[in-house]
Amino acid sequence: MNELKKDNKENEKSESKPWLKYLIAFGVGLVMMVLLFWRFGLFSGEKLYDFEIYRIVADSCFVPGILIFSSGALVWVSRNGAFDALAYSIKYVFNIRFRRDNELTKETFYEYKERRSKEPKTPCLYLVLTGVFFMAVAAVFVVLFNKAI
């Protein structure tokens, strides 16, 4: 009973602040972007032409955008069962190999899929939308770069 109360409190906390996930993902993207600014020499103090600045900003926005978007897409694919066969087979092989008693798992793949489908789904839309935002900013700077050349 105590576990149910804990789960309900955790769900209420996560549902009361849905913007927090977006803020954290955006913050991670900003940190990556600033590190790439530094890596590409935007903060070096040298005189840069406009097209160089546009290229650096476009590259520095695209990299975190594609990484965050790809992470969200991977979570979405995973939660919809793309890796269930792989996970089931690995668990089955480990049960055969390392189980101390000779009792094998009686759960079939169908039962495993049914059990997995009843589990709560991991949210991933915030990752996808944050990644799309960074890629959109990168697209704007690519257009500016092409006009400046």
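Residues numbered from 1 in each chain as written. Predicted model: local features only at pLDDT ≥ 70, side-chain atom pairs only at ≥ 80, totals over all residues. Heavy atoms only, no water.

A closer look at the packing of helix α4 (residues 84–98) against helix α5 (residues 109–118)
At step 1: Interaxial distance between α4 and α5 falls to 11 Å at its minimum, and their mutual angle equals 120°. By the angle class used here, α4 and α5 are oblique. Relative to α5, the crossing made by α4 is right-handed. Within the contact between the two elements, α4 uses Asp84, Ala85, Ala87, Tyr88 and Lys91 and α5 uses Phe109, Tyr112, Lys113 and Arg116.
At step 2: Considering only residue class, the contact of α4 with α5 consists of five nonpolar, no polar and four charged. (Axes fitted to C-alpha atoms, helices over the stretch in contact; angles between N-to-C directions. Helix = DSSP H or I, 4+ residues; strand = E, 2+ residues; numbered from the N terminus. Parallel < 35°, antiparallel > 145°, perpendicular 65-115°, else oblique. Left-handed = near helix turned anticlockwise from the far one by under 90°. Contact = heavy atoms within 4.5 Å. Nonpolar A, V, L, I, M, F, W, Y, C, P; charged D, E, K, R; others polar.)

Looking at the nonpolar core
At step 1: Grouped together as the largest cluster of nonpolar side chains are 12 residues: Ala25, Met33, Phe37, Leu48, Ile56, Val57, Cys61, Ile68, Tyr126, Leu127, Phe134 and Ala138.
At step 2: Elements supplying a minimum of two residues to this core: α2 (19–40), α3 (50–79) and α6 (125–148).
At step 3: Residues within four places of Ala25 in sequence aside, it is in contact with Ile68, Tyr126, Leu127 and Thr130. (Core = buried A, V, L, I, M, F, W, Y, C linked by side-chain atoms within 4.5 Å. Buried < 20%, exposed > 50% of the residue type's maximum accessible area, 1.4 Å probe, protein only.)

Here's the deal with the pattern of salt bridges
Between side chains of opposite charge, pairing is possible as soon as their charged atoms come close.
At step 1: Scanning the entire structure with this criterion turns up six salt bridges.
At step 2: As a salt-bridge pair, Lys113 and Asp84 come within 3.2 Å of each other at their nearest N and O atoms. With Lys113 in helix α5 and Asp84 in helix α4, this pair connects stretches of sequence that are 29 residues apart.
At step 3: For Asp84, a relative accessible area of 7% corresponds to the buried category. (Salt bridge = Lys/Arg side-chain N within 4 Å of Asp/Glu carboxyl O.)

As for the packing of aromatic side chains
At step 1: Throughout the structure, instances matching the rule amount to 12 aromatic pairs.
At step 2: Considering the side-chain rings of Tyr22 and Tyr126, the 6.2 Å spacing of their centres and the 70° angle between planes classify their relative orientation as edge-to-face. Of this pair, Tyr22 sits in helix α2 while Tyr126 sits in helix α6, placing them 104 residues apart in sequence.
At step 3: A relative accessible area of 33% means that Tyr22 is categorised as partly exposed.
At step 4: Ring centres of Tyr88 and Phe109 lie 5.4 Å apart, and the angle between their planes is 65°; on these two criteria the pair is classed as edge-to-face. Taken together, the residues span a long stretch of sequence, with Tyr88 in helix α4 and Phe109 in helix α5 at a distance of 21 residues.
At step 5: On the basis of relative accessible area, Tyr88 is assigned to the buried category, the value being 18%.
At step 6: Taken together, the ring pairs connect Tyr88, Tyr92, Phe109 and Tyr112 into an aromatic cluster. (Phe/Tyr/Trp six-rings, centres within 6.5 Å; stacked < 30°, edge-to-face > 60°.)

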